[in-house]
Structure formats: C-alpha cells, structure tokens
Amino acid sequence: MAWVALTLVYVLLHFLCYALVLRHQPRFTRERVIFAYHASSELGWALVLPIGGILGVWTNEGLAAWIAAVALHGIYSLTFLTLWSLASGGYSIGILAQIDAVGHGQAVERADLELIGSDKKDARLRGVQALGLIRSRDGYLEHTHRGAWAASVLASIAGVFAVRESG
Amino acid sequence: MWLGITVVIFVLALASTAAVGRLRPSGNFLVRFVTCGGLAWATLIGIEVAIGGMSVETVAALVLFAFAWELSIFLFAFVTTSVSVGLLVRLRAGPRSEVDLAKAYTTDFMVETRLERLIRDGFLVPVGSGYGLTRKSRVVLRAFNTLSSFFRHTPSAPTGVARHARTHAS
C-alpha cells in the first residue's frame, strides 16, 4: 500500500503547487497548459513509481499497487479538469447567469441568450478545425479521417445511452 | 482475478445504466450514473473483500472502478452537452457549407434545448414572461463564481448571485 500512500502525498503536493504558485501565472489560465500540467504528471508518476521501486528509493510493489496509484492520480486529475472546465463557463451556466442578471421572472432578451450560443458555436467550430477533426474544402466543411472516426465513436456512445440530441 | 471481476462489474454497470436510460429517457443522467455506479461499486466491495479481504488488490479494484466510472460520466456529459460534439455529429451526413451547418444547428435550437434541460433538471422555473432561478441553480451559480475566481478565469458579467455575495461580503 506504500505506493497508494505516496500517490496521495504526491497529488496533494501537485495541487498545492498549483493553488499557491501556478494559478497566479497567466499561462495557467490556458486550457492546453492546464491539461499538459495534469497529463505530464499522470504519465510521469506512472513511470517514476516503478523506476523508484527498481532503484530502491521506495519498496517495489506489484501491478495492483501500480494500477491503484495511477487510477488514484486519474481521479484527482479528472476531477480537477472537470471543475476547471465547468468554471470556465459552459453555455448553461451563461444562460443561468443571464437570467439571474435580469431578475426573477423578468423577460430575458432571447437575442442575448442566442449571442452566447453564437459565440460558443464559432469558438467550437474553430476549435474542432484546429484539432484537425474538420476541414474546409471549396467552401464546404467536412470531416477529416480522424474527425470521421471521432464522430463515429461519439455517435456510438450517444446511441448506446439513447442520447436524443447532442450539443 | 480481481482485475477480471472489476472489468465484468464495470461492463454490467454500463449496461444497466444504458438500460435505465432507455426505460426512463427523461430522467437526470447524473442521478442514473451515480445510482447504477454506486450499486455496482458496493457489489464490487462485497465480492473483492469476500475473495481477498482488505488487500492491495481490493483497493486497486475499487479505485480503478471509481476512475473508470468518473471517466464514463465525463464522456457521457461531453457527448450530451458539448457544442463541438454536436457539430461533429451533424457533419456525419456529409460535407456542408458553413451556412447550411448554421441553419441545421441554429443558436435558437441551442437556447431551446438548454432551457428545456435546465427546466427539466430543476434549475429554472418559468415565471411570468421570463424565468426564475431555483435554490439549486443559485447554489450552482455561487459554486461557479467561487471556482471561477479560484481558477482565475476571466470574470463574466456580474450576476445577481455575484452581486448578492459581494453585498454580503462588504
């Protein structure tokens, strides 16, 4: 169980490092940077644990302890990234904030709500193009090979769980 | 052995969540995932402890299941609510011009589905000619403001909840 205990200490330090120092740096407000901070830590820790065991820095434990440690770090990172993403303001949160701003029961300007959606849609369209999932050809948007594969996987998930509409 | 049991329980939990979703498609997906996942996790504890006691394998099985389940919730929420996923899925029918895509995926549709979902899940109530926040949505907005400030995201326009919080703080 030493690796599990070590992982708990490690993720606590990882979080404190962000909370006390890194979150004050402007580049740590960028999605790619925050994702890299967690992904590199997860991969690095998965390698450091067995290497440290082999070198005798700590006791060498088996596959079960390694899986437990990596999954524990995964829970921490996924929770952190989900909260980070939610806090960046989803569309639903934007709608709630807008309704809250106009006041209880007051008519909300439909155009304001649609403007949030329009900005989000444009940003996401640029995002999926930047990720190489969609390309523009002769004025038409189409999937790249990778995009077609990703869309099939996502549509399968939606199909299995009976999602009526996505987005 | 412990890994195989974890995988089997995970697959069964996913299948039962999908089945419940088909039987009650209007229910809240998070409640569905938490209920089915919680029951499966409790079953896993029983089986693993009965087989190996409180060993490192038992801990590994429980943590692995929890991680995989959280990942499933994240993926499902992503597929259900992501604008990017909506755009990707709509292009499955073939190439479309930006104008066509904008028509097929209108902001009006986006607003409508969000409002429906927020009312169905108890975050909004229709009041008069507009809408009202519920206690649940006020808690969510407060949590959002706290998190947003912690993560140093660019502040959005001040909301009533934010103004209320500031008034109480000053």
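Residues numbered from 1 in each chain as written. Chains lettered and ligands numbered in written order. Predicted model: local features only at pLDDT ≥ 70, side-chain atom pairs only at ≥ 80, totals over all residues.

J.: I would appreciate a short explanation of the sheet that holds strand S1 (residues 96-97) of chain B in the present structure.
T.: The strands that make up a sheet pair up through hydrogen bonds in the backbone, lying either parallel or antiparallel. If you walk across this open sheet you meet the three strands as S1(A)-S2(A)-S1(B), and the pairing is antiparallel. Looking at which strands have only one partner, the edges of the open sheet turn out to be strand S1 (134-137) of chain A together with S1 of chain B. Relative to S1 of chain B, strand S2 (residues 140-143) of chain A runs antiparallel, the two being bridged by two bridges. By the bridge assignment for S1 of chain B, leucine 141 of chain A is matched with arginine 96 of chain B. (Pairing = 2+ DSSP bridges. Helix = DSSP H or I, 4+ residues; strand = E, 2+ residues; numbered from the N terminus.)

J.: Please clarify how the environment of glycine 46 of chain B should be interpreted in this entry.
T.: Within the secondary structure, glycine 46 of chain B is located in helix H2 (residues 29-52). Note on glycine 46 of chain B: 10 C-beta atoms within 10 Å, which makes it exposed. (Buried ≥ 20, exposed ≤ 12 C-beta atoms within 10 Å, placed from the backbone.)

J.: Please clarify how the interface of chain B and chain A should be interpreted in this entry.
T.: Interface size, as often reported, equals the accessible area lost upon joining of the parts. Counting residues at the interface gives 67 residues for chain B and 68 residues for chain A. Across the side of chain B that touches chain A, the residue classes tally to 40 nonpolar, 18 polar and nine charged. (Contact = placed C-beta atoms within 7 Å. Nonpolar A, V, L, I, M, F, W, Y, C, P; charged D, E, K, R; others polar.)

J.: Could you clarify how one ought to interpret the packing of helix H2 (residues 31-55) of chain A against helix H3 (residues 63-87) of chain A in this entry?
T.: Helix packing for two helices is described by the angle between their axes and how far apart those axes are. Residues and elements named next belong to chain A. Close contact between H2 and H3 brings their axes to 10 Å; oriented N to C, the two are set at 175 degrees. On the basis of their axis angle, the class for H2 and H3 is roughly antiparallel. Counted together, Ile34, Phe35, His38, Glu42, Trp45, Ala46, Leu49 and Pro50 of H2 and Trp66, Ala69, Val70, His73, Gly74, Ser77, Phe80, Leu81 and Trp84 of H3 form the full contact between these two elements. The class makeup of the residues in the contact of H2 with H3 is 12 nonpolar, four polar and one charged. (Axes fitted to C-alpha atoms, helices over the stretch in contact; angles between N-to-C directions. Parallel < 35°, antiparallel > 145°, perpendicular 65-115°, else oblique.)

J.: When you look at the domain arrangement of chain A in this model, what are you seeing that I'm missing?
T.: Considered domain by domain, chain A is made up of domain 1 (2-87), domain 2 (91-130) and domain 3 (134-167). The centre of domain 2 of chain A, based on its C-alpha atoms, is set 23 Å off from the matching centre of domain 3 of chain A. (Domains from an automatic or database assignment.)

J.: Teacher, can you tell me more about the confidence of the model for chain B here?
T.: When pLDDT is low, close inspection of the predicted coordinates is not appropriate. Residue and element names in this part refer to chain B. Chain-level statistics for chain B give a pLDDT mean of 83 and a share of 86% at 70 or above. Within the model, the stretch residues 157-170 combines pLDDT values under 50 with 18 contacts to residues more than four positions away or in other chains. ipTM for the predicted complex: 0.80, alongside a pTM of 0.80. (pLDDT = per-residue confidence, 0-100.)

J.: I would appreciate a short explanation of the nonpolar core in the present structure.
T.: What tends to happen in soluble globular proteins is that the nonpolar side chains get buried as a cluster. In terms of nonpolar packing, the biggest core is built from 70 residues, with Ala68, Ala71 and Leu96 of chain A together with Ala60, Val63, Leu64 and Leu88 of chain B touching the most fellow members. The contact partners of valine 63 of chain B, leaving out residues within four places of it in the chain, are Ala68, Ala71 and Leu72 of chain A. (Core = buried A, V, L, I, M, F, W, Y, C linked by C-beta atoms within 7 Å.)

J.: Mind showing me how you'd approach unusual backbone geometry here?
T.: Across the chain, the bulk of peptide bonds are trans and the bulk of non-glycine residues have phi less than zero. Although it is not a glycine, aspartate 138 of chain A sits at a positive phi angle of roughly 50 degrees. Residue position: aspartate 138 of chain A is located in the loop between S1 and S2. Assessed through the 7 C-beta atoms surrounding it within 10 Å, aspartate 138 of chain A is described here as exposed. The backbone of arginine 152 of chain B shows a phi angle near 60 degrees, a positive value even though the residue is not glycine. With respect to the secondary-structure elements, arginine 152 of chain B resides in the loop between helix H7 (135-150) and helix H8 (160-169).

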